[in-house]
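Results of the structural survey
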Amino acid sequence: MRFDAFDGTQTLRARVLGGLCITLGVLAALMAILNIYWSQSYFIGFLEGIFAALSYSLYVKAKRQTYTLREKNYYLLFLFVLVTYAIYSKPLSMGVYVWAFLLPTIFYLLLGKKQGLVVSLVSLVAQNINIALKQPAADMIQSIPVMVNFSFCYLSILGVSHVYESNRNKVEQALHELALTDALTGAKNRLAFKKDRSTQHQQGKVLSVLVLDIDHFKAINDTYGHEVGDDVLKIVTQRIMAVAGEGTVYRQGGEEFCVLLNCPLLEAASVAEGIRANIDEADFVSQGTTIHVTVSLGVAEFEFGQSEDDVLRLADERLYTAKTKGRNQVVASHDVSLAS
Ligand SMILES: Nc1nc2c(ncn2[C@@H]2O[C@H](COP(=O)(O)OP(=O)(O)OP(=O)(O)O)[C@@H](O)[C@H]2O)c(=O)[nH]1
């Protein structure tokens, strides 16, 4: 499973950067040729040539998603300097400043909402100063209509880019949450378990897992109906969260849950016992019916070199032991049972 598929922003930015590099790279190469051979503007032609080469090199990296943040930022800085210098060095009548309209969209797409806003505003101010300086001091007033039109158009593009980026971000977060949450109980789901386990494993954390199963859940469904069964699943989730913490609880399916803890086996066993007691101690009330619910738990610690499946199997075996020993108990090793 490739969990980086969840990072839509990263993937989108790599693709936008790739597309931008190839488009701007080709345009910069054409502009370099025109500037050098047609208008003999050697310095700007030279800058565009370098930019085209940089674009190609970053394009290759963006395709492989191997570029660094610093490389991306330097590329955007180069683009900003190039556009600013081109506006500065060419007569206003050539309309080179229209290239600046590209910048806010690019900044928002590649830098996100906050940085995109700041850098776009800095660019707006810089290009206005640039336009103002194009007239001799005595005639500067003549630049005002150009500056006003430029600013209004630039701010419109900036506004649209801002709204787009903040909504894209919200939609991505909502989809992310939807993909990783169990709709009935609000606990995380099996996919989230794999993702979190993999992240925490990479961070080298001590990890233990509790596997929890509601005792005689079929009988609850059969006696009181599925709606009450669903309520029991929700209340059990809340009681597990109350002891273990909200972000640690996963519904594996049916009436089986997992809890992922950053602690060694003994500590995890004591949390498991806390969960068992919290569920056993107070009756559940659903649809006017009072029900007594108990759970059984198996606990295992991730040892070096063990796969996720190995540890879950071990915790499952211990859960099975807890069930066969009479339920409503925690088993944390082959011979230790924290009996109720
Ligand atoms: N209400 C409800 N029931 C579910 C859901 N998912 C699974 N079940 C039921 O959960 C029950 C699981 O029963 P079993 O696996 O036999 O286990 P049990 O009755 O809890 O028995 P032990 O685990 O041995 O204590 C089945 O009746 C399923 O239909 C759900 O989302 N809602």
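Cut-offs applied
All residue numbers refer to position in the chain's written sequence, counted from 1. Where totals are concerned, whole chains, interfaces and linings use all residues; where local detail is concerned, this predicted model gives features only for residues with pLDDT of at least 70, and gives and counts side-chain atom pairs only at 80 or more. Think of the side-chain values as coming from all heavy atoms in the structure, minus any hydrogens and water. Helix numbers and strand numbers start at the N terminus; a helix is a DSSP run of H or I with at least 4 residues, a strand a run of E with at least 2. For the radius of gyration, the atom set is restricted to C-alpha positions; the globular benchmark scales as 2.2 Å times the number of residues to the power 0.38. Burial classes: relative accessible area under 20% of the type maximum marks a residue as buried, over 50% as exposed, and values in between as partly exposed (1.4 Å probe, protein chains only). Note on contacts: a residue pair qualifies if any of its non-hydrogen atoms lie within 4.5 Å across the two residues. With residues, only the protein chains shown are counted as cover, and all accessible areas are computed by Shrake-Rupley using a 1.4 Å probe. Note on charges: Lys and Arg go in the positive column, Asp and Glu in the negative column, and His and the chain ends are not counted at all. Charge positions come from single atoms, namely NZ of Lys, CZ of Arg, CG of Asp or CD of Glu. UniProt positions are given in the numbering used here, feature names are shortened, and annotations may be inferred rather than shown by experiment. By convention in these notes, a residue is near a molecule or strand provided one of its non-hydrogen atoms lies within 4 Å of it. Polar contact is the term for a pair of N or O atoms within 3.5 Å; when the atoms are in protein, one must be able to donate a hydrogen and the other to accept it, and sequence-neighboring residues count only if both atoms are side-chain atoms. Charged means Asp, Glu, Lys or Arg here, nonpolar means Ala, Val, Leu, Ile, Met, Phe, Trp, Tyr, Cys or Pro, and polar covers whatever is left, Gly included. Definition used in this section: a nonpolar core is a set of buried Ala, Val, Leu, Ile, Met, Phe, Trp, Tyr and Cys residues joined via side-chain atoms within 4.5 Å. In this document the domain limits rely on a domain assignment from an automatic tool or a database. The axes used here are C-alpha line fits, helices contributing only the stretch in contact, and every angle between their N-to-C directions lies in the interval 0 to 180 degrees. Roughly parallel refers to an angle under 35 degrees, roughly antiparallel to one over 145, roughly perpendicular to one between 65 and 115, and oblique to any angle outside these ranges. For any helix crossing, the convention is left-handed if the near helix is rotated counterclockwise from the far helix by under a right angle, and right-handed if that rotation is clockwise.

A separate point is the overall build of the protein. The helix and strand inventory of the protein stands at eleven helices and eight strands. For a compact globule of 340 residues, the expected C-alpha radius of gyration is about 20 Å, and the protein comes in at 30 Å, more than 25% above that figure. Taking the principal axes of its C-alpha atoms as reference, the protein extends roughly 95 × 45 × 30 Å. For the protein, buried positions account for 45% of its 340 residues. For the protein, long-range pairs separated by at least 24 residues make up 69% of all intrachain contacts whose partners lie at least 6 apart in sequence. For the protein, the exposed area adds up to about 18,000 Å²; of that, 61% sits on carbon and sulfur atoms. On the protein, the mean spot of the 30 positive side-chain charges and the mean spot of the 32 negative ones are 11 Å from each other.

We now examine the UniProt feature "transmembrane region" (unreviewed entry) in the protein. Mapped onto the present numbering, the UniProt feature "transmembrane region" (unreviewed entry) falls at residues 12–36, 42–60, 72–88, 94–111 and 144–164. Split by type, residues 12–36 is 100% helix and 0% strand. Its first and last C-alpha atoms lie 35 Å apart. Taken end to end, residues 94–111 has its terminal C-alpha atoms 30 Å apart, with 56% of it in helix and 0% in strand.

A few words on the site of the ligand. Taken together, 16 residues lie around the ligand, and His-216, Phe-217, Lys-218, Asp-230 and Arg-251 are the ones closest in. Within the backbone of Phe-217, a nitrogen or oxygen atom sits 2.7 Å from an oxygen atom of the ligand. Contributing elements (two or more residues each) for the shell around the ligand: β1 (208–214), α8 (217–224) and α9 (226–244). The biggest single contributor to the shell around the ligand is α9, with four residues. Of the residues in the shell around the ligand, the class split is three nonpolar, five polar and eight charged.

This next bit is on the nonpolar core. With 37 residues, the main nonpolar core has Leu-17, Tyr-75 and Phe-150 as its most contacted residues. Elements supplying a minimum of two residues to this core: α1 (8–38), α2 (42–64), α3 (69–89), α4 (102–111), α5 (113–132) and α6 (144–180). Among all residues touching Tyr-75, those that are not within four sequence positions of it are Leu-17, Leu-20, Cys-21, Leu-24, Phe-51, Leu-54, Ser-55 and Leu-58. Formed by 32 residues, the second largest nonpolar core is a distinct cluster that contains Val-228, Ile-235, Phe-257 and Ile-279.

Attention now goes to the domain arrangement of the protein. Per the domain assignment, the segments making up the protein are domain 1 (3–179) and domain 2 (190–338). Centre-to-centre separation of domain 1 and domain 2, based on C-alpha positions: 52 Å.

What follows deals with the packing of α1 against α3. Taken N-terminus to C-terminus, the directions of α1 and α3 make an angle of 40 degrees; their axes are 13 Å apart at the nearest point. Classified by the angle between their axes, α1 and α3 sit oblique to one another. Both α1 and α3 take part in a crossing whose hand is left-handed. Of the residues in α3, those in contact with Arg-13, Leu-17, Leu-20, Cys-21 and Leu-24 of α1 are Lys-72, Tyr-75 and Leu-79. For the contact of α1 with α3, the class distribution of residues is six nonpolar, no polar and two charged.

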